[in-house]
Amino acid sequence: MNEIPYKIYLTEEEMPNAWYNVRSAMKNKPAPLLNPGTHEPMKAEELAPVFCEELIKQELDNDTAFIPIPQEILDFYKMYRPSPLVRAYCLEKALDTPAHIYYKFEGNNTSGSHKLNSAIAQAYYAKMQGLKGVTTETGAGQWGTALSMACSYFGLDCKVYMVKVSYEQKPFRREVMRVYGADVTPSPSMTTKIGQKILAEHPGTTGSLGCAISEAVEVATSTPGYRYVLGSVLNQVLLHQSIIGLETEAALKKYDIVPDIIIGCAGGGSNLGGLISPFMRDKIEGKLDTRIIAVEPASCPSFTRGVYAYDFCDTGMVCPLAKMYTLGSDFIPSANHAGGLRYHGMSSILSQLYDDGLMEAVAVEQTSVFEAAEKFARVEGILPAPESSHAIKVAIDEAMKCKETGEAKNIVFGLTGTGYFDLVAYEKFHNGEMTDYIPTDDELAVFRAKLPVIG
Ligand SMILES: *Cc1c(COP(=O)(O)O)cnc(C)c1O
């Protein structure tokens, strides 16, 4: 067999031209979204005031395996895809491990993460529907940045509700969004009814994702020609992110590499869901026995310490109910610098796969994540995002286990983005000021008690 190159790229002909819908292979389908009033499954017409039509079809489609990627999206993907699958030779050497480590690097675009893969798709369908603009929320700002780029490409207005603490602490991300023409409002704000209510009840609040979602949905449903878009959790987002997994599958096949372990960080589950999609199909069909590991922060442990139940997606309880591994919609994690991993719930698809025992999950502490990030940066060159570094941490742990057993396992992990806007977090780490707060069982029970009761 040929020596495996440092980076495995695909030619234009080898690039996927359809997304893969992992729900089509699942024996137990993910639970449907429920109407928060009636607790009946949401119908397409009920979702239509909130979401774009074509995206609703994708959201509700549990059966179609491959969904063709429209040419305009393929053209946009060509600007920054394929993303490289890198053989981490330098990391392997530094760890002195017999394991073969690969990472799929999604940070090679201006938004700095995988989120652009779905942002461009969602902006495209909004444009095709003849809409004027879209609204969304952003926490740390990666999704807002990706969506701003996508909207400016298709000439759509983009209104972003940014969690207030990030708006104030991450002025550079905010300015990147404004370069791409987005209108960025700190949340909670006085521009919405729900924002006014939250501010009246909690005057000093620095905001949360759940609250920003409520504001963005309110603006979308009350402004003609607008819809709401979301950067993770939803089935449609995992569908778009399958481009990551399909490219990885094609690249590995070129060199007859079979992955033994696939690792990804999990916030709402979109990058991991996308990365594993084709491999999960093979696993369900009994053709592959790859271990799949989701990595989450110990401060926000939805999979490892949450419950599998219907819950609200937002603080204002205006969104449909989703069945997922959740900590409760009021749960606000302690200061953790991986902003993209702070959501209280998890994709319904991944939640079902986890419940079915088809994947594993581990929670890791923040300082150990930054130690792994730095180890990686020093040998592989890339400055990783704190979110992505959760996957690095577990990839290194698994590679060290291989060192003990002498096994040359193939470990593949998702390197979702770069950390240039996270240097305050790195500064805290370097100054020894980083804390690892892990919620107690009693604290988690308080939020669990507030889960909606579904009859
Ligand atoms: C948003 C984000 C994540 C987490 O989101 P998922 O939907 O779980 O993939 C991970 N890494 C980066 C760099 C992000 O921006």
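Given the structure is predicted, the values throughout are model-derived calculations rather than measurements.

## Considering the sheet that holds strand β11 (residues 291-297)
Item 1. Judged by pairing direction, the sheet is mixed, and its seven strands sit side by side in the order β1-β4-β5-β15-β10-β11-β14 without closing on themselves. Of all the strands in the sheet, the pair left with one neighbour each is β1 (7-8) and β14 (360-364).
Item 2. Direction of pairing for strand β5 (residues 100-105) relative to strand β15 (residues 410-415): parallel, over a ladder of six bridges. Considered in β15, the bridge of phenylalanine 105 is made with leucine 415.

## Section: the sheet that holds strand β9 (residues 226-228)
Item 1. With respect to topology, four strands assemble into an open sheet ordered β8-β7-β6-β9, the strand pairing being parallel. For this open sheet the edge positions go to β8 (183-187) and β9, each flanked by a neighbour on one side alone. Strand-to-strand twist across the sheet, computed as the mean angle between neighbouring axes with direction ignored, equals 25 degrees.
Item 2. Against the sheet, helix α10 (residues 209-222) touches β6 (133-138), β7 (157-163), β8 and β9, its axis set at about 170 degrees to β6.

## Quick look at α10
Item 1. Along its 14 residues, α10 runs 20 Å from first to last C-alpha, staying within 8% of the 20 Å computed at 1.5 Å per residue.
Item 2. For α10, the full list of buried residues reads Gly210, Cys211, Ala212, Ile213, Ser214, Glu215, Ala216, Val217, Val219 and Ala220.

## As for the environment of tyrosine 354
Item 1. If you trace the backbone, tyrosine 354 turns up in helix α14 (residues 348-355).
Item 2. Along the backbone, tyrosine 354 and tyrosine 308 are 46 residues apart, and their C-alpha atoms lie at a distance of 9.9 Å.
Item 3. Setting aside chain neighbours within four positions, we find tyrosine 354 in contact with Phe303, Thr304, Tyr325, Met359, Glu360 and Ala361.

## Here's the deal with the packing of aromatic side chains
Item 1. Following the criterion strictly, the structure yields 19 aromatic pairs and no others.
Item 2. Taking 5.1 Å as the distance between ring centres and 75 degrees as the angle between the ring planes, the aromatic pair formed by tyrosine 103 and phenylalanine 376 counts as edge-to-face. Residue tyrosine 103 is located in strand β5, and its partner phenylalanine 376 is located in helix α15 (residues 366-380); the two are separated by 273 residues in the primary sequence. Considered together, tyrosine 103 and phenylalanine 376 belong to a single accessibility category, that of buried residues.
Item 3. In this structure, arginine 174 is placed above the aromatic ring of tyrosine 167, and the distance from its NZ or CZ to the ring centre is 4.6 Å.
Item 4. Here the guanidinium or amino end of lysine 323 rests over the ring plane of tyrosine 308, the centre of that ring lying 4.4 Å away.

## Remarks on the site of the ligand
Item 1. With respect to spatial proximity, 18 residues lie near the ligand, and among them Lys115, Ser232, Ser270, Asn271 and Thr416 are the closest.
Item 2. The separation between an oxygen atom of the ligand and a polar side-chain atom of serine 232 is 2.5 Å.
Item 3. Glycine 267 has a polar backbone atom sitting 2.7 Å from an oxygen atom of the ligand.
Item 4. Compared with its free state, where it exposes 380 Å², the ligand has 98% of that area covered by protein.
Item 5. Tallied by class, the residues present in the shell around the ligand amount to four nonpolar, 12 polar and two charged.
Item 6. Both of domain 1 (26-62 + 114-228) and domain 2 (70-112 + 237-448) provide at least three residues apiece to the shell around the ligand.

Cut-off values and rules
- Residues numbered from 1 in each chain as written.
- Predicted model: local features only at pLDDT ≥ 70, side-chain atom pairs only at ≥ 80, totals over all residues.
- Heavy atoms only, no water.
- Pairing = 2+ DSSP bridges.
- Helix = DSSP H or I, 4+ residues; strand = E, 2+ residues; numbered from the N terminus.
- Axes fitted to C-alpha atoms, helices over the stretch in contact; angles between N-to-C directions.
- Contact = heavy atoms within 4.5 Å.
- Expected span 1.5 Å × (residues − 1).
- Buried < 20%, exposed > 50% of the residue type's maximum accessible area, 1.4 Å probe, protein only.
- Phe/Tyr/Trp six-rings, centres within 6.5 Å; stacked < 30°, edge-to-face > 60°.
- Lys NZ or Arg CZ within 6 Å of the ring centre and 35° of its normal.
- Near = heavy atom within 4 Å.
- Polar contact = N/O pair within 3.5 Å; in protein donor to acceptor, adjacent residues only side chain to side chain.
- Areas by Shrake-Rupley, 256 points an atom, 1.4 Å probe, with all protein chains shown as cover.
- Nonpolar A, V, L, I, M, F, W, Y, C, P; charged D, E, K, R; others polar.
- Domains from an automatic or database assignment.

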